[in-house]
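# Residue-level structural notes
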Amino acid sequence: MNITRRNLFQMTGGAAGLISFDQFFRPSAAQAATIRTLQTACAICSPNCAIEATLKDGVVQFLKGIDGDLHGEGHLCGKGTAGAEFLYDPDRLKYPMKRTNPRKGFDEDPGWVRISWQEALDTIAERFKFYIENHGRDSLLFCTLAGHDFWQRFMNAVGAINRIDHIDVCFLTDNIIQRYTTGGKQWTNDFDNSKYILLFGWDQVAKNKIVYANGIVKARANGAKVVRFAPTYTATSKMSTEFHNIRPGSDLAVALAMINVIISENLYDRDFVEQYTNFPQYETEIRTHFAQYTPEWAEGLSDVPAAVTWRIAREFATTRPAIAPAHKKTLCANYMNSTQLVHAISILNILAGTIDRPGGRYFARGIPLAGADAIWPPPPNPQKVGRRVDGRNLLPLAEEVDQGMFSTLADGMLRRHPGLIKAAFFNNYTLLGFPFPLHMEDAMRTVEFTVAMDFIPTDTTSMADIVLPSTLYLEGSGIVVRNYRATSPQAVARQPVTAPMFETRSIAYVGLELGKRLAPDHFKKPDGSWLNANELLDEQARRAGLGENFAEFRDKGRVDRPAPFVPRTTFPTVGGTNKCQILVPQFAQKGAEPLPKWHPKRDQPSAEYPYYYLTFIPGIHKRNTTQNNAFLNEIMPTNAAIINPALAQKLGISEGQMVRVRSRVGQVEVPAHLSQTVRPDCVQIAHGFGHRSRLLTKAGLKGVRDGDLVPDASVEDFIAAGNYGGSSCIMDAVVNIEPL
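Keep in mind that this is a model prediction, so the values were computed, not measured. (Residues numbered from 1 in each chain as written. Predicted model: local features only at pLDDT ≥ 70, side-chain atom pairs only at ≥ 80, totals over all residues. Heavy atoms only, no water.)

Moving on: the confidence of the model for the protein. Residue-level pLDDT values for the protein average 94, and 96% of them are 70 or greater. In this model residues 1-26 is a low-confidence stretch, pLDDT under 50, and it forms 17 contacts with partners more than four residues away in sequence or in other chains. (pLDDT = per-residue confidence, 0-100. Contact = heavy atoms within 4.5 Å.)

Our focus in this paragraph is the sheet that holds strand β1 (residues 35-41). Here 3 strands make up an open sheet; going across it, the order is β1-β2-β3 and the pairing antiparallel. Two strands in the sheet have a free side with no partner beyond their single neighbour: β1 and β3 (59-64). The average undirected angle you get between the axes of adjacent strands in this sheet is 30 degrees. Pairing of strand β2 (residues 50-56) with β3 involves 5 bridges; the strand directions are antiparallel. When the sheet's bridge partners are listed, T54 is paired in β3 with F62. (Pairing = 2+ DSSP bridges. Helix = DSSP H or I, 4+ residues; strand = E, 2+ residues; numbered from the N terminus. Axes fitted to C-alpha atoms, helices over the stretch in contact; angles between N-to-C directions.)

One open sheet holds the 3 strands; their spatial order is β15-β16-β17, and the pairing between them is antiparallel. Both outer strands of the open sheet, β15 (478-481) and β17 (558-560), are each paired with one neighbouring strand and no more. Looking at each pair of strands side by side, their axes are set apart by 15 degrees on average, direction ignored. Relative to strand β16 (residues 490-494), β15 runs antiparallel, the two being bridged by 4 bridges. Paired with G478 across the strands is R494, a residue of β16.

The next subject is the nonpolar core. Judged by nonpolar contacts, the single largest core of 88 residues is most densely connected at L198, F200 and F316. Setting aside its immediate chain neighbours within four residues, F316 contacts Y196, L198, M258, I262, A322, I323, A324, L348 and A352. Ranked by size, the runner-up nonpolar core spans 37 residues in total, among them F154, V451, V510 and L531. (Core = buried A, V, L, I, M, F, W, Y, C linked by side-chain atoms within 4.5 Å. Buried < 20%, exposed > 50% of the residue type's maximum accessible area, 1.4 Å probe, protein only.)

The next point concerns the packing of aromatic side chains. Evaluation of the coordinates by the stated rule reveals 31 aromatic pairs. Consider the rings of F86 and F455, whose centres lie 6.2 Å apart with planes at 80 degrees: the pair is edge-to-face. Highlighted residues: F86 in helix α4 (residues 83-87) and F455 in the loop between β13 (449-454) and α21 (459-462), separated in sequence by 369 residues. The residues F86 and F455 share a single accessibility class, namely buried. Put simply, the rings of F128, F142, W151, F154, F425 and F449 touch in pairs and so form one group of aromatic residues. Here the basic side chain of K94 rests over the ring of F502, its NZ or CZ set 5.2 Å away from the ring centre. The aromatic ring of Y509 is capped on one face by R505, whose charged end is 5.6 Å from the ring centroid. (Phe/Tyr/Trp six-rings, centres within 6.5 Å; stacked < 30°, edge-to-face > 60°. Lys NZ or Arg CZ within 6 Å of the ring centre and 35° of its normal.)

So this is what it looks like as structure tokens:
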């Protein structure tokens, strides 16, 4: 029953009730809410689309894209639109805490006790100092991206050797390959002007990467042909003109065969290849090498008919401009042969003649920002001498770029260098991100002192001794320079839509405060005063010509510098030739392959494990960080084992039935979901679920960890397999599946 003045009067017994409750039915005093809008930038994924935030009485009500932004073009994906739910998540970490229960595990109560930031930072500094002095600088482990300038400066100032990040499960291989073949990893793909787009597993439309999805939509509207090879049919496949259901891990075979066709029939862009590449210098070696990889040979490995490969290779080479993009996990990190695949894809783009040309991969026309070290040069840093716990030093090309190695960390901590790591700092990383996280759990138990900084209580915080609450992008400031769609420069201001909530702090603050305690001379300006993050932003804005200070730039919201796109005539490849390199002689000098060779994926189907294992990141989520968001969790709260109906019928599996999926390293039990989108010889499970932390009220204990079926690796495994780029093999597994 609806409560009205009349029935309330009846329920409460007449006048007495009226006298008691009448005050609640009087019109309230007129008081208009305060509504305002702010412009800022998203940071859920790397394109950092521009945002207009609408606030009511200081509370975020709505987030939307901004017209004129080169990346979002007025749009936000579901993750960006749901950003306020990260800000107001009831599970947010609110203040520093220390562990009182020495036993570590997901079934243990850590016995958290609230502490001050002063105590937390003093404790961390004291423990780090002790371990450096008594066990060496290599006894510290930092699981973190390089991050803010002050955080980088702190790690350099203490001589950190073991900084490890997730880039090997993302784009490490392509970073290495593009440095040597075209001059550096670029995120810029000119789909708008492409006439032929060739996708090997690339799936950014399905991932809701707005900047790329917009480009594909425009390309199709402009008459471009889009061809996709993949073992799954997704939204990207639907946007394609042509789709080929390739065997998992065999993309390399088709790419090599396409290079064979283009070179043997001299279909490459002669002007570009002869003028701007090292093809003339190594022509004989290149032609001889690729002659062995015929479309007929590739058919037996890929299930792609030879006639199709012949045709698509010819179309790609002669329908100009053409592009074959690579992005992150898919292509770059899925299999043991991913380094060779991205090398082959880079060669296809070079042969198409579209490196830094309209319709191809191009170098972002950006706005350089001065770093803190350029503005306030630090004293000399201590020499980084010691052991790499992950063994990355044995992969010289990966060591050059100082990225990775999630995939070999657990092996290093448990087998190669047991007991080496005494203290660890995890910055916004959770165990779900590692191949075979069970090994990483074991590795974390060997660490005497662990710090975890995050915005929610992840699995990693469950294993920590000190927990630090992190700010979010909607609480911070920054200068965001466009680097995904950037034929001319554009910079966007990030500003806080609210002050940092509770006692949260940024990683810049932590770097500065720990630096004051452990390396004070590195954090002082020439006049002896401490470095300041706001002054850094002011100086960056001024030196970049964005404004007299950051406040002036923030008030503008965005700075555009339209300019004609002038293609490069030199390319900053390693080696100093100023040319694109098809054959990379420096690779041979460093024990790698100067031209990509065929290598199979690591694990192949067998009688015991007859099915290919596939993982994916759903478009509604970002890896393993968004599952506790109320809006996104409502849309997709858990995962399932996705199998083709033909395989389900063969095995007697029905929709929703619980199944057991086993690999050579582990098993999971999960409901089955039947779908025509996967090949009948595959089993697919979404990444990002299976959080063990019981403090995550929405994501905790929901779903299974896809990584529990993926073997991790040793650096020796990579060397033996020719995986010189350090691909993490994040999907390189085979499985069995049985109904329960």
